[in-house]
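Each chain, written out:
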Amino acid sequence: MVRTDGGLAATCHCGAVEIRVRRMVRTLTSCNCSICRRYGALWAYYAPHSVSIRAPRGGLAKYSWNRRIRNYYRCARCGCVTHYAYRRRQRHTTVAVNAANFEPDLLKGVRIRHLDGAASWKLLD
Ligand SMILES: [Zn+2]
């Protein structure tokens, strides 16, 4: 874990992509939808202005499907899923950071809630 400017940094495995946030969220979301269950991501939601993403040119690959509401980003080098963001002209602007890229110590005591994204879109706990 890198801690500078009073913020927290999450990095992909190879370190090419770094995401900085000001603070850890209170709850993380584990979702069972078709993509989240495959990624195994733990989502931490932030307002866009409180997230800074550093990546080399061409260092982020993205994926979207179906109605293409969101772009899911991963490191083009090591493949770690780093975040997703809503595409333009969408109502939502939240950026979801994959908190699995933070050092585990930072996640201690943070509640993980389970979202039924596969069916009801309700929290299961
Ligand atoms: Zn990487």
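In this convention, every chain numbers its residues from 1, walking through the sequence in written order. Totals for whole chains, interfaces and linings use all residues, but because this is a predicted model, local features are given only for residues with pLDDT of at least 70 and pairs of side-chain atoms are given and counted only at 80 or more. To obtain the side-chain values, all non-hydrogen atoms of the structure were used and water was disregarded.

S.K.: Any chance you could explain the sheet that holds strand E1 (residues 8–11) here in plain terms?
M.R.: Pairing between the strands of a sheet is mediated by backbone hydrogen bonds and can be parallel or antiparallel. Here, any two strands with at least 2 DSSP bridges between them count as paired. Here a strand is any run of E in DSSP of at least two residues, a helix any run of H or I of at least four, and the numbering for each starts at the N terminus. Spatial ordering of the open sheet is given by E1-E2-E5, a layout of three strands whose pairing is antiparallel. Looking at strand neighbours, the two that pair on one side only are E1 and strand E5 (51–54), the edges of this open sheet. Going across the sheet, the axis of each strand differs from the next one's by a mean of 20 degrees, ignoring polarity. Orientation is described by lines fitted to C-alpha atoms, with helices fitted over the stretch in contact, and by angles between N-to-C directions that extend from 0 to 180 degrees.

S.K.: Even after reading the chapter, I still don't get the pattern of salt bridges, so can you show me in this structure?
M.R.: Where charged atoms of side chains with opposite charge meet at close range, the side chains can pair. Salt bridges, as used here, are contacts in which a Lys or Arg side-chain nitrogen is within 4 Å of a carboxyl oxygen on Asp or Glu. Inspection of every chain in the model, using the stated rule, returns three salt bridges. In this structure, Glu18 and Arg54 form a salt bridge, with 3.8 Å as the shortest nitrogen-oxygen distance. In this pair, Glu18 sits in strand E2 (residues 18–21) while Arg54 sits in strand E5, placing the two residues 36 residues apart along the sequence. The class for Glu18 is buried, based on a relative accessible area of 11%. Classification of residues uses two cut-offs on accessible area relative to the type maximum, computed with a 1.4 Å probe and protein chains only: under 20% is buried, over 50% is exposed, and between them is partly exposed. Taking relative accessible area as the criterion, Arg54 reaches 41% and is therefore assigned partly exposed. Several salt bridges converge on common partners, so that one network encompasses Glu18, Arg20 and Arg54.

S.K.: I tried to follow the coordination of the zinc ion on my own but got confused; where do I start?
M.R.: Under ideal tetrahedral coordination, the four donors around a metal are separated by 109.5 degrees; under ideal octahedral coordination, the six donors are separated by 90 or 180 degrees. Bound to the zinc ion are the protein donor atoms Cys12 (SG), Cys14 (SG), Cys75 (SG) and Cys78 (SG), situated 2.3 Å from the metal. Around the zinc ion sit four donor atoms; with metal-centred angles ranging over 106 to 117 degrees, the donor geometry is tetrahedral. Excluding water, the donors of a metal are its N, O and S neighbours within 2.8 Å, or within 3.2 Å for Na, K and Ca, and that exclusion means sites may look incomplete. Positions of the donor residues of the zinc ion along the chain correspond to the pattern C-x1-C-x60-C-x2-C. Taken together, the residues Cys14 in the loop between E1 and E2 and Cys75 in strand E7 (residues 70–75) connect sequence positions 61 residues apart. Using a relative accessible area of 2% as the deciding quantity, one classes Cys75 as buried. Only four donors with every angle between 85 and 135 degrees are called tetrahedral; only four or six donors with opposite donors over 155 degrees apart and all others between 65 and 115 are called square planar or octahedral, in that order; all others are irregular.

S.K.: Mind showing me how you'd approach the side chain of Asn98 here?
M.R.: Within the secondary structure, Asn98 sits in strand E9 (residues 95–98). With relative accessibility at 5%, the residue Asn98 sits in the buried group. Pairing of N or O atoms within 3.5 Å defines a polar contact, subject to two protein rules: one partner must be a possible hydrogen donor and the other a possible acceptor, and residues neighboring in sequence count only if both atoms are side-chain atoms. A polar atom in the side chain of Asn98 sits 3.1 Å from the backbone nitrogen of Leu42.

S.K.: Is there a simple way to think about the nonpolar core in this case?
M.R.: Within soluble globular proteins, side chains that are nonpolar generally end up buried alongside one another. Take the buried residues of types Ala, Val, Leu, Ile, Met, Phe, Trp, Tyr and Cys, join any two whose side-chain atoms come within 4.5 Å, and each joined set is a nonpolar core. Counting 20 residues, the largest nonpolar core has Val21, Met24, Leu28, Tyr46, Val97 and Phe102 as its most contacted members. Of all the elements in the fold, those that place two or more residues in this core are E1, E2, strand E4 (43–46) and E9.

S.K.: Mind showing me how you'd approach the side chain of Arg70 here?
M.R.: Inspection of the secondary structure assignment puts Arg70 in strand E7. One buried charged residue, Arg70, remains without a salt bridge, the closest side chain of opposite sign being Asp116 at 13 Å. Of the polar contacts made by the side chain of Arg70, one reaches the side chain of Tyr72; its length is 3.3 Å. A distance of 3.3 Å separates a polar atom in the side chain of Arg70 from a polar atom in the side chain of Tyr86. Contact criterion: two residues are considered in contact whenever any of their non-hydrogen atoms come within 4.5 Å of each other. Non-local contacts of Arg70, meaning those with residues more than four positions away in its chain, are made with Tyr63, Ser64, Tyr84, Ala85, Tyr86, Arg87 and Trp121. The convention is simple: Lys and Arg are positive, Asp and Glu are negative, and His and the chain ends are not counted.

S.K.: Sorry if this is basic, but what is going on with the pairing of E1 here?
M.R.: Looking down a regular strand, the side chains alternate between one sheet face and the other. As paired elements, E1 and E2 share four bridges and run antiparallel to each other. Counted as the bridge partner of Ala10 is Ile19 from E2.

So yeah, pure geometry; function would need other evidence.
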